[in-house]
Amino acid sequence: MNGASPLLEIEDLSVVFHTRSGPVLANDGVSLTLRAGETLGIVGESGSGKSVFCRAILGLAKGEVRARRMAFDGRDIAAMSRSEKQALRGRGIAMVFQSPMSSLDPVWTIGDQLVETVRHHKGLDRAGARRAAIALLDRVGIQSAARRLDDYPHQWSGGMLQRAVIALALAGEPRLMLADEPTTALDVTIQDQILALLTELQRETGMALVLVSHDLGVIAETVDRVAVMYAGRIVETASVRHLFERPAHPYTVGLLGSMVGAAGQGERLRPIPGQPPDLHHLGTGCAFAPRCSRAGDDCHRAVPRIDPAAAHDAACLFPMEAER
Amino acid sequence: MTNSLSSPPVTAPARLAVERLTVEFGGGGGWRRLGGVRAPIVRAVDDVSFAIAPGETLGLVGESGSGKTTVGRALVGLVRPTGGSLMLDGQDLSAIGRAGRRGVPRRIQMMFQDPYGSLNPRFSVRETLAEVLRFHHIVPPDGVAAEVRRMMDLVGLPASLADRMPRHLSGGQRQRVGLARALAVRPSVLVLDEPVAALDVSIQAQVLNLLQDLRDTLDLTMLFIAHELGVVRYVSDKVAVMYLGAVMETGSAAEVFTRPAHPYTRSLLDAMPHLIADKRSRPPVLGGEGGEAASGCRFRARCPRAGDACAVAPPLVELSAGHGVACHFPAA
Amino acid sequence: MSTVAAGEEGVMAAGLGRRLAREVASWSVTLKLGAVLLALIALAALMAPWIAPFDPEAQDYDAILLPPGGVHLFGTDNVGRDIFSRVLYAARLDLSAGFALTFVPMIYGVLIGAYAGYRGGLVDAVVGGIANVAIAFPFLVMIVVVVAVIGPGIDAIYISVFLLAWTMYARLARADMMVERAKDYMLAARVLGFSTKRIVLRHGLPNVVGSSLVFAMSDFVLNILLLSGLSFIGLGIQPPTPEWGAMIAEGKEFILEAWWISTLPGLAVVLTGTALSLIGDGLARRFSDRHGGPA
């Protein structure tokens, strides 16, 4: 991590879905900066906009995307041509999705898909691409990769498929990997394997990693910095250590209190009261205010903003500790 | 409450006792045999035994393919056991089974995983609950409305939601309706199949607290099925850890989680993400994946401690009172 | 089952009205348009005795092959019958026969299919076997056999369709029910100890009838065309009873000098078909909306 120009700069990103029951602000003024080789976790519950954010970066979001600035490696993404954007996907930024089974095409073999991707990125001939594909599978921990290259996706288990998806993502030697809930569909012991693999690959290649998860535990072990999202906005950013030791936003505190791992046996959980926000009917002001015990009148009037440059900041008028 | 099945209690301490339960799927049953069609037989549950005392919660933990859901479904009669027996208050469930059960609410009820699939999309909350109450004559007809309100209140649903359709409820609210529906027939045992797995963390905590409260107020006996160890540890008095259809370890939650004896239990605990801000530098706790059970100990292929003895399947033996483990080389 | 207190019944009726209003309010433009169009056609058919200016079977040799306009709004045919009156009266027959030919087999087809899908195993295999035989049986052979036994006419068509048409509905309902019965709410109904009848009829059926209803709308059109077609070749409705298909057939000889004899009944068929298609389309969207997860 050096002081050079950031790898990814997102300033004031908004994504609006126009639905039949009115517009839904899935991302609202999200700003984020990521340096080369940095690992960032985005944590949030369903509807927090964390997946939409990842898709918006890749230009895959379905809604209307607006941003003051979206730049990768100093180049404005919005100004890129179609082919430049295509080159950005895969070679600049790669993405790993939650469901490995639907990330792969069931009618082609794993090998077909890997070889095609490798050829696309590197311009290798068929034999060379096949060797590269085997090396990639080997790299992500598939035993006897050469023999299993010609298997179809349904012949592989979920854990192996997620490895294959990671191999596909690696094929373009990306400088940033977006992993959207990559282990949510997997068993605990397999999740453990995949997280170990991602950590190892990140260290080895020096790529930046954005890990999206609803599970603070997964985030804690895998990244350096965390952004907490709620109702389409980033409500707190901090280093993992600070987030766990000195959570500032009441939502973060509530999230930590809700984790069963945090409470001992027999101890009561401290859940966040109320229901998750309805994005159709977000009032003015802080989206968390209706569920927040610290909320005052001002919280219902204006949305508190966050300083994206700060090491630790919370979008809150009454943060837990005035330690910043 | 009318329950024509109430019989004098047999001298049995266990509310629910599962003995040598085996469930097989596939094969060619009935008329298919004539056609020679025969699917391979899969033994989803293999010789599983456990008992739950009244008011106690047993956590059944395991990864996918462990057979934990099948055990739960066998208990509520959704799958037919191939072998073994299920005893409720000392009474064999298969004996109660067929004969004269029409209109008798099942005394083992179930709460399901999927908040979006577990409610009939065409029934409002009121209709869902009223149907159960009426069908089984739980309360007199003129008391149904009040009872619906009482059930909703019990699970923490505001009365204003009574006429909502499921699609206008949040995931947590739906799970509460599913719970109220199960409790409406006054079950003596509640089987919960991953009741919070599909919920957001903050809502998960609400439902877990609710379950704890209900267990205390209603003196419920629960079988809590989950893949997440943290959740199981939070709600359970006792746990049984399953792997590929068999119980690997069983004991009090405190004992199993603090002094796991089976290498698989230990791996599960180690693999669980911890809420400690410390970037990992360790290798994964387990290699490989649980596929089909091999001969001998089914965990043998992935086990860091496996030896030659493991070619023979180890029986479940008691290490200490109430703490059983199926391993040739248990941790001391 | 239990008795419902009188007061509660009133509440339920009010609830039903409210629910109906809410249901209609949620309809798409397509669905509303189709419903209105079909309602108008049905109303016209119903009111035929009052609207029709002439007796549909009365011949008037002083007014042969008159073009549309004047007293004869749709003109007259080769024996001087008023086309407008005949089209109106034909609508009564076509709509009611089309309705019966569609919905009678649908009712038992869906019931049979839903039950087979729910039970699976032997029941499903037997039902499936019978359905396959019925599907493989050529309809025209069936109708010729039936006509040979009881003679041509609407009854022959009813018998043939009732024997064969349920299979499509049974298949649709069976397939949907097999998906539905694995869902948690169906499992819950079993665990709650509900009777099979209640589970299939009250819980399963409303959730599997959707695709059959959508299909029924196109089936309705096809049945009207079938009726018209069979009448056209002389196996169906016998003259002089007014029927759209029969009228089209009668007019074919005069198509060049008197286009209205065939075309205007044809237009009625097209209009009815359009209304039904719009409804089918709207229903399809309505059902996919309902199952579209959280709203």
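Residues numbered from 1 in each chain as written. Chains lettered and ligands numbered in written order. Predicted model: local features only at pLDDT ≥ 70, side-chain atom pairs only at ≥ 80, totals over all residues. Heavy atoms only, no water.

Q: Would you mind going over the overall build of chain A with me for this structure?
A: When you go through chain A residue by residue, the secondary structure sums to 11 helices and 12 strands. In terms of overall dimensions, chain A is globule-like: its C-alpha atoms have a radius of gyration of 21 Å, near the 20 Å expected for 324 residues. Along the three orthogonal principal directions, the C-alpha set of chain A runs to about 65 × 50 × 45 Å. Put simply, chain A has 324 residues, and 55% of those count as buried. (Helix = DSSP H or I, 4+ residues; strand = E, 2+ residues; numbered from the N terminus. Rg over C-alpha atoms; globule rule 2.2 N^0.38 Å. Buried < 20%, exposed > 50% of the residue type's maximum accessible area, 1.4 Å probe, protein only.)

Q: Can you walk me through the overall build of chain C in this structure?
A: Scanning chain C for helices and strands turns up 12 helices and 0 strands. Along its sequence from the N terminus, chain C presents helices and strands in the succession α-α-α-α-α-α-α-α-α-α-α-α. On the principal axes, the C-alpha backbone points of chain C span a range of 75 × 45 × 35 Å. The long-range share in chain C, meaning contacts at least 24 apart out of those at least 6 apart in sequence, stands at 70%. Surface accessibility of chain C: about 14000 Å² in total, with carbon and sulfur atoms responsible for 71%. If you average the places of the 20 positive and of the 22 negative side-chain charges in chain C, the two averages end up 17 Å apart. (Contact = heavy atoms within 4.5 Å. Areas by Shrake-Rupley, 256 points an atom, 1.4 Å probe, with all protein chains shown as cover. Lys, Arg positive; Asp, Glu negative; His and termini not counted. Charge placed at Lys NZ, Arg CZ, Asp CG, Glu CD.)

Q: What should I look at first to understand the interface of chain A and chain B in this one?
A: By a widely used convention, the size of an interface equals the accessible area lost when the partners come together. With 49 residues of chain A in contact, the opposing surface of chain B contributes 42 residues. In total, about 3900 Å² of surface goes out of reach between chain A and chain B, with carbon and sulfur atoms giving 53% of it. Along the contact surface separating chain A from chain B lie 3 salt bridges. The residue A:D192 makes a salt bridge to B:R282 at a minimum N-O spacing of 3.0 Å. Between chain A and chain B we count 20 residue pairs in polar contact (both at pLDDT 80 or more) in total. Looking at the side of chain A that touches chain B residue by residue, the classes come out as 20 nonpolar, 18 polar and 11 charged. (Buried area = accessible area lost by both parts, 1.4 Å probe. Salt bridge = Lys/Arg side-chain N within 4 Å of Asp/Glu carboxyl O. Polar contact = N/O pair within 3.5 Å; in protein donor to acceptor, adjacent residues only side chain to side chain. Nonpolar A, V, L, I, M, F, W, Y, C, P; charged D, E, K, R; others polar.)

Q: Any chance you could explain the sheet that holds strand β7 (residues 93–96) of chain A here in plain terms?
A: Two pairing modes exist for strands in a sheet, parallel and antiparallel, and in both the strands are linked by backbone hydrogen bonds. Residues and elements named next belong to chain A. With mixed pairing, 7 strands are arranged side by side in an open sheet as β7-β8-β9-β3-β10-β11-β12. The sheet is open, and its two borders are formed by β7 and β12 (313–314), each paired with just one other strand. As paired elements, β7 and strand β8 (residues 176–180) share 4 bridges and run parallel to each other. Within β8, the position partnered with V96 by the bridge is A179. Together, β7 and β8 form the strand contacts of helix α7 (residues 158–170), whose direction differs from that of β7 by roughly 170°. (Pairing = 2+ DSSP bridges. Axes fitted to C-alpha atoms, helices over the stretch in contact; angles between N-to-C directions.)

Q: I'm lost on helix α5 (residues 144–154) of chain B in this one. Help?
A: Note on helix geometry: an α-helix contains 3.6 residues per turn, so any two residues three or four positions apart are oriented the same way. All names here are of chain B. By the burial criterion, the buried members of α5 are V144, E147, V148, M151 and M152. Each buried residue of α5 lies within a common arc of 140° when the element is viewed along its axis, so the set occupies one face. Looking at the packing, one finds that the buried side of α5 touches α4 (125–135) and α6 (171–183). The positive-phi residue at the C-terminal boundary of α5 is G156, with phi of around 75°. (Arc of directions from axis to C-beta.)

Q: Looking at this structure, how should I read the packing of aromatic side chains?
A: Two descriptors summarise a pair of aromatic rings, namely the distance from one centre to the other and the angle between the planes of the rings. One pass over the full model with this rule turns up 14 aromatic pairs over all chains. Considering the side-chain rings of A:Y251 and A:F288, the 5.3 Å spacing of their centres and the 65° angle between planes classify their relative orientation as edge-to-face. With A:Y251 in helix α11 (residues 250–258) and A:F288 in the loop between α11 and β12, this pair connects stretches of sequence that are 37 residues apart. When the centroid spacing of 5.0 Å and the interplanar angle of 75° are considered together, the rings of C:F74 and C:F84 count as edge-to-face. Residue C:F74 is located in the loop between α3 (48–51) and α4 (83–119), and its partner C:F84 is located in helix α4; the two are separated by 10 residues in the primary sequence. (Phe/Tyr/Trp six-rings, centres within 6.5 Å; stacked < 30°, edge-to-face > 60°.)

Q: What am I meant to see in the interface of chain C and chain B here?
A: On the side of chain B, 35 residues touch chain C, which itself brings 29 residues to the contact. The interface formed by chain C and chain B contains 2 salt bridges. Between B:E131 and C:R198 there is a salt bridge, with the nearest N and O atoms lying 2.6 Å from each other. Linking chain C to chain B there are 10 residue pairs in polar contact (both at pLDDT 80 or more).

Q: What is the right way to read helix α1 (residues 50–57) of chain A from this model?
A: Burial within α1(A) is extensive, with 6 of its 8 residues counted as buried. Within the span of α1(A), buried status applies to A:K50, A:V52, A:F53, A:C54, A:A56 and A:I57.

Q: I keep staring at the environment of C:M106 and nothing clicks. Help me out?
A: Residue and element names in this part refer to chain C. Structurally, the position occupied by M106 is in helix α4. In sequence terms M106 and I255 are 149 residues apart; their C-alpha atoms lie 37 Å from each other. Other than its neighbours up to four places away in sequence, M106 contacts Y169, V209, S212, L213 and A216.

Q: Is there a simple way to explain the packing of α4(B) against α5(B) in this structure?
A: Angle between the axes and distance between the axes are the two parameters that describe a pair of packed helices. Residue and element names in this part refer to chain B. As a packed pair, α4 and α5 sit with axes 9 Å apart at the nearest point and diverge in direction by 115°. For α4 against α5, the interelement crossing comes out right-handed. Contacts between α4 and α5 involve V125, R126, L129, A130, L133 and R134 from the first element and V144, E147, V148, M151 and M152 from the second. Looking at the contact of α4 with α5 residue by residue, the classes come out as 8 nonpolar, no polar and 3 charged. (Left-handed = near helix turned anticlockwise from the far one by under 90°.)

Q: Looking at this model, I keep getting lost on the confidence of the model for chain C. Mind explaining?
A: A low pLDDT score tells you not to read the predicted coordinates there in detail. Residue and element names in this part refer to chain C. Confidence in the prediction for chain C averages 85 pLDDT; 92% of positions are at 70 or higher. When the criterion is pLDDT under 50, residues 1–8 qualifies, and its contacts beyond four places in sequence or with other chains add up to 8 contacts. Contacts for the low-pLDDT stretch residues 291–295, under 50 throughout, to residues beyond four places or in other chains number 8 contacts. The complex model carries a pTM of 0.85, and its ipTM stands at 0.86. (pLDDT = per-residue confidence, 0-100.)

Q: Please clarify how a nonpolar patch on the surface should be interpreted in this entry.
A: Residues and elements named next belong to chain C. Among the surface-exposed residues, V36, L40, L43, L46, M47, W50 and I51 lie close enough to one another that they form a single nonpolar patch of about 750 Å² accessible area. Those elements that place two or more of their residues in the nonpolar patch are α2 (29–46) and α3. Ranked by the residues each element gives to the nonpolar patch, the list is headed by α2, at 4 residues. Within the fold, L46 resides in helix α2. (Patch = residues over 30% accessible without salt bridge, like charges linked within 9 Å, V, L, I, M, F, W, Y side chains within 5 Å.)

Q: Can you help me understand the pattern of salt bridges in this one?
A: Any two side chains of opposite charge can pair, given that their charged atoms come close. Residues and elements named next belong to chain A. Applying the stated rule across the entire model yields 39 salt bridges over all chains. Here K122 ties to E173 by a salt bridge, and the two come within 3.3 Å at their closest N and O atoms. Of this pair, K122 sits in helix α4 (residues 110–122) while E173 sits in the loop between α7 and β8, placing them 51 residues apart in sequence. Taking relative accessible area as the criterion, E173 reaches 56% and is therefore assigned exposed.

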